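Here is what each chain is made of, one letter per residue.
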Amino acid sequence: MTDFAHETGDTFYAHTDEAAAMANPFFPRRVAHGYLLVTWAAGLFVDPAPGPVLANYGLENLRFITPVTYDDQIRVTLTAKQITPRVTDEYGEVARDCVLHNQEDEIVAPYDVLTLVAKSWPAA
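Remember, predicted model here, so these are calculated numbers, not experimental data. (Residues numbered from 1 in each chain as written. Predicted model: local features only at pLDDT ≥ 70, side-chain atom pairs only at ≥ 80, totals over all residues. Heavy atoms only, no water.)

> Would you mind showing me how to read the pattern of salt bridges here?
For side chains bearing opposite charge, pairing can occur when the charged atoms are close. The full count for this structure, using the stated rule, is 4 salt bridges. K81 is the partner of D112 in a salt bridge, and the nearest nitrogen-oxygen pair spans 3.0 Å. With a gap of 31 residues between them, D112 in strand 4 (residues 107-118) and K81 in strand 2 (residues 74-85) connect regions that are remote in the sequence. The class for K81 is partly exposed, based on a relative accessible area of 49%. (Salt bridge = Lys/Arg side-chain N within 4 Å of Asp/Glu carboxyl O. Helix = DSSP H or I, 4+ residues; strand = E, 2+ residues; numbered from the N terminus. Buried < 20%, exposed > 50% of the residue type's maximum accessible area, 1.4 Å probe, protein only.)

> I would appreciate a short explanation of the packing of aromatic side chains in the present structure.
Following the criterion strictly, the structure yields 2 aromatic pairs and no others. With a centroid separation of 4.6 Å and 45° between ring planes, the pair formed by F12 and Y13 is classed as tilted. When the ring centre of Y70 is taken as reference, the NZ or CZ atom of R29 above it lies at 5.4 Å. (Phe/Tyr/Trp six-rings, centres within 6.5 Å; stacked < 30°, edge-to-face > 60°. Lys NZ or Arg CZ within 6 Å of the ring centre and 35° of its normal.)

> Any chance you could explain the nonpolar core here in plain terms?
Inside soluble globular proteins, nonpolar side chains tend to come together where they are buried. Core analysis: the biggest nonpolar cluster contains 13 residues, and L37, L100, V108, A109 and Y111 have the highest contact counts within it. Mapped onto this core, the elements with two or more residues apiece are helix 4 (34-45), strand 3 (91-102) and strand 4. Those residues in contact with L37, other than ones at most four positions away along the chain, are A32, V68, I74, L100 and V108. (Core = buried A, V, L, I, M, F, W, Y, C linked by side-chain atoms within 4.5 Å. Contact = heavy atoms within 4.5 Å.)

> It is not clear to me how the pairing of strand 2 should be interpreted in this structure. Could you clarify?
Here is the key point about a regular strand: its side chains alternate between the two faces of the sheet. Two elements, strand 2 and strand 3, share 11 bridges in a ladder whose sense is antiparallel. What sits directly across from V76, in strand 3, is L100. Connecting the antiparallel pair strand 2 and strand 3 is a turn made up of 5 residues. (Pairing = 2+ DSSP bridges.)

> Whenever I open this one, unusual backbone geometry confuses me. Can you help?
Keep in mind that most residues, glycine aside, have a negative phi and that most peptide bonds are trans. Not every positive phi belongs to a glycine, and N61 is a case in point at roughly 60°. One can find N61 in the loop between strand 1 (53-60) and strand 2. The exposure class of N61 is exposed, given its relative accessible area of 52%. We note that D105 has phi near 65°; this positive angle belongs to a residue other than glycine. Along the chain, the position of D105 falls in the loop between strand 3 and strand 4. Using a relative accessible area of 45% as the deciding quantity, one classes D105 as partly exposed.

So yeah, pure geometry; function would need other evidence.
Given below as C-alpha cells:
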C-alpha cells in the first residue's frame, strides 16, 4: 500500500503513517487507498483474454464504507443489473452492480461498473 502511495503521489497520512491513522476516528490503523481496492476488485472479475467485454468505461455511485487495512482480505460480488442495446449492431452497454466485501463480510464499497460489450464474439 505504501508503494501505491508513493507511485501515485497520494501520500495522505492514513495510507502512510500508522500512528496518525490510528489517531483518526475513522481508521483502525493504516488503510488501503480506495481506488487501489477498486483496482484489485477489477482484477478479481476481469478476464484477461480478449472476449466480448470491450471496455470498462465508468463507475457510478462509488462509496467507501468500511476501511480496509493491510492485513484484511477482500472479495467482490458482481451482478449484471441493466443491459442497454446501442444503435450500433456491434456493442451494447451493461451496468453491473459491484459490492466489495472484507473477510468479515462487511460491505467495503458498493458501486456500479459500466461496460461496453460486443453483441457477438467469434468462437475461439
